[in-house]
Amino acid sequence: MSDIIKFFETFEFNISKKGHIFVISGFSGVGKGTIINRILQNNPNIYFSISYTTRQKRPTEIHGKDYFFISKEEFKEKILNDDFLEWAIVNEEFYGTSKTQVLEKIENKIDVILDIDVKGAIQVKSKLPNFTTLIYIIPPTGLELLNRLKNRKTETEEQILKRITTSLTEINYINAYDYIVINDDLEECIKQVQIIIETQKLSSKVSTLYISKRILKE
Ligand code: 5GP
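Residues numbered from 1 in each chain as written. Predicted model: local features only at pLDDT ≥ 70, side-chain atom pairs only at ≥ 80, totals over all residues.

**Thoughts on the site of the ligand**
What counts here: Placing the C-beta atom from the backbone, one calls a residue near a molecule or strand if that atom lies within 6 Å of it. Helix and strand definitions here come from DSSP, where helices need a minimum of 4 consecutive H or I residues and strands a minimum of 2 consecutive E residues; each element is numbered from the N-terminal end. Three residue categories are used. Nonpolar comprises Ala, Val, Leu, Ile, Met, Phe, Trp, Tyr, Cys and Pro, charged comprises Asp, Glu, Lys and Arg, and polar comprises the others, including Gly.
With respect to spatial proximity, 15 residues lie near the ligand, and among them Ser51, Ala88, Tyr95, Ile116 and Gly120 are the closest. Those elements that place two or more of their residues in the shell around the ligand are strand E6 (84-90), strand E7 (93-98) and helix H5 (118-127). Looking at side-chain class alone, the shell around the ligand contains four nonpolar, six polar and five charged residues.

Shown next as structure tokens:
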């Protein structure tokens, strides 16, 4: 047997990966929350990053589960302490992602989902390009989105107008996203997001290949 073949026989290939960040953004009322909850149910090993916000808690929300609700003063102090991986003002309120929460998870090979807006998504992608995949969820039509927003009855007419205006400005940034998924049929949309997550985790961009010498048994 040639020496090359003998040498090759001793090779062992291993792939090491850190955790990956999946950013899921979308127009307000598009069904992101439902999609994320289903993805988390189907993938118990994925961690959902709980954001900090200065906006008012809605009656159904729980501090520490949906958000950490803090004052503007506390938020500004966190900015000064460099506590955020990203932060942005959305609908006139501050929202931010804890840097330690996310970095600790990806170092420990745990995937993370972030539900954040386009400004935040672009910051995360520029800081951690190889570890971040941006997914944007859009509704099939404007009318459908308006109906969903009205039916959930959590916002006033004025708040709905504010959210639609925000959605319209977000359209300009959608091209920065890696994937755009239409939430026409919820089950199909969840399936597509799941496929994106699984495909991304197989990407060679996020893997480090180790070649070691296998101890051959006699
Ligand atoms: P809501 O107030 O309806 O929960 O969220 C409003 C918007 O803020 C959504 O588009 C949501 O994705 C975004 N958001 C939530 N948390 C964060 C965050 O930590 N950072 C940024 N940049 N946006 C966030």
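**Structural notes on the sheet that holds E7**
Using the following cut-off: One requirement defines pairing of two strands: DSSP has to find at least two bridges between them. Axis angles are defined between N-to-C directions and span 0 to 180 degrees, where every axis is a line fitted to C-alpha atoms and, for a helix, only to the segment in contact.
The four strands are arranged E5-E4-E7-E6 in an open sheet whose pairing can be described as mixed. The open sheet terminates on both sides in strands that have one partner only, identified here as strand E5 (67-69) and E6. Adjacent strand axes in the sheet meet at a mean angle of 25° when their direction is disregarded. Sheet topology places E6 next to E7; six bridges connect them, and they run antiparallel.

**Some words on the environment of Glu104**
In plain terms, the rule: The burial criterion counts other C-beta atoms lying within 10 Å of a residue's C-beta, which is placed from the backbone; the residue is buried at 20 or more, exposed at 12 or fewer, and partly exposed between these limits.
Within the secondary structure, Glu104 is located in helix H4 (residues 99-107). Classification of Glu104 by C-beta neighbours within 10 Å gives partly exposed; the count is 14. Taking the C-alpha atoms as reference points, Glu104 and Gly19, 85 residues apart in sequence, are found 9.4 Å from one another.

**Considering the pairing of E7**
Bridge analysis of strand E4 (residues 51-53) against E7 gives two bridges, and the strand direction is antiparallel. Residue pairing across strands places Thr53 opposite Tyr95, the latter belonging to E7. A loop of two residues connects E6 with E7, the two strands running antiparallel in sequence, and Asn91 in this loop sits at a positive phi of about 45°.

**Let's talk about the sheet that holds strand E9 (residues 132-138)**
Let me state the cut-off plainly: In this description, a residue-residue contact is defined by the distance between C-beta atoms placed from the backbone, which must lie within 7 Å.
Pairing is parallel across the open sheet formed by five strands, whose spatial order is E3-E8-E2-E9-E10. Strands with a single pairing partner mark the edges of an open sheet, and in this sheet they are strand E3 (47-48) and strand E10 (179-182). Packing against the sheet, helix H2 (residues 32-42) makes contact with strand E2 (21-26), E3, strand E8 (112-114) and E9, and its axis sits at approximately 155° to E2. Packed onto the sheet, helix H8 (residues 186-202) meets E2, E9 and E10 and runs at close to 170° relative to E9.

**Digging into the nonpolar core**
Applied cut-off: Note on terminology: a nonpolar core is any set of buried Ala, Val, Leu, Ile, Met, Phe, Trp, Tyr and Cys residues joined through C-beta atoms within 7 Å.
Counting residues in hydrophobic clusters, the biggest one holds 37 residues, and the most contacted among them are Ile21, Val23, Ile24, Ile135 and Ile137. Ranked by the residues each element gives to this core, the list is headed by E9, at five residues. Ile135 has contacts with Phe22, Val23, Ile24, Tyr177, Asp178, Tyr179, Val181, Val193 and Ile196, leaving out every residue within four places of it along the chain.

**Let's talk about unusual backbone geometry**
Positive phi outside glycine occurs at Asn91, with the angle close to 45°. Within the element layout of this structure, Asn91 appears in the loop between E6 and E7. One non-glycine residue, Lys109, adopts positive backbone phi at about 65°. With respect to the helices and strands, Lys109 occurs in the loop between H4 and E8.

**A look at the environment of Thr166**
In this fold, Thr166 is placed in helix H7 (residues 157-170). Between the C-alpha atoms of Thr166 and Ser28, which are 138 residues apart in sequence, the distance is 8.5 Å. Apart from residues no more than four positions distant in its own chain, Thr166 is found in contact with Ser28, Val90 and Asn91.

**Side note on H8**
Under the convention used in this document: Multiplying 1.5 Å by the helix residue count minus one yields the expected span of that helix. Working definition: the arc comes from the directions between the helix axis and the C-beta atoms, pointing outward to the latter.
Given a rise of 1.5 Å per residue, 17 residues ought to cover 24 Å, and the 25 Å separating the end C-alpha atoms of H8 matches this to within 8%. Among the residues of H8, those classed as buried are Cys189, Ile190, Val193 and Ile197. Each buried residue of H8 lies within a common arc of 100° when the element is viewed along its axis, so the set occupies one face. Along H8, the residues that are exposed and aim more than 90 degrees away from the buried face are Glu187, Glu188, Ile195, Glu198, Thr199 and Leu202. Of the surrounding secondary structure, the elements contacted by the buried residues of H8 are E2, H2, E9 and E10.

**Structural notes on the pairing of strand E11 (residues 207-213)**
The two faces of the sheet receive side chains in turn, since in a regular strand these alternate between them. Of all seven residues in E11, zero are buried, a share of ten percent or less. Taken together, the seven bridges between strand E1 (residues 11-17) and E11 define a ladder with antiparallel strand orientation. The residue of E11 that forms the bridge with Ser16 is Thr208.

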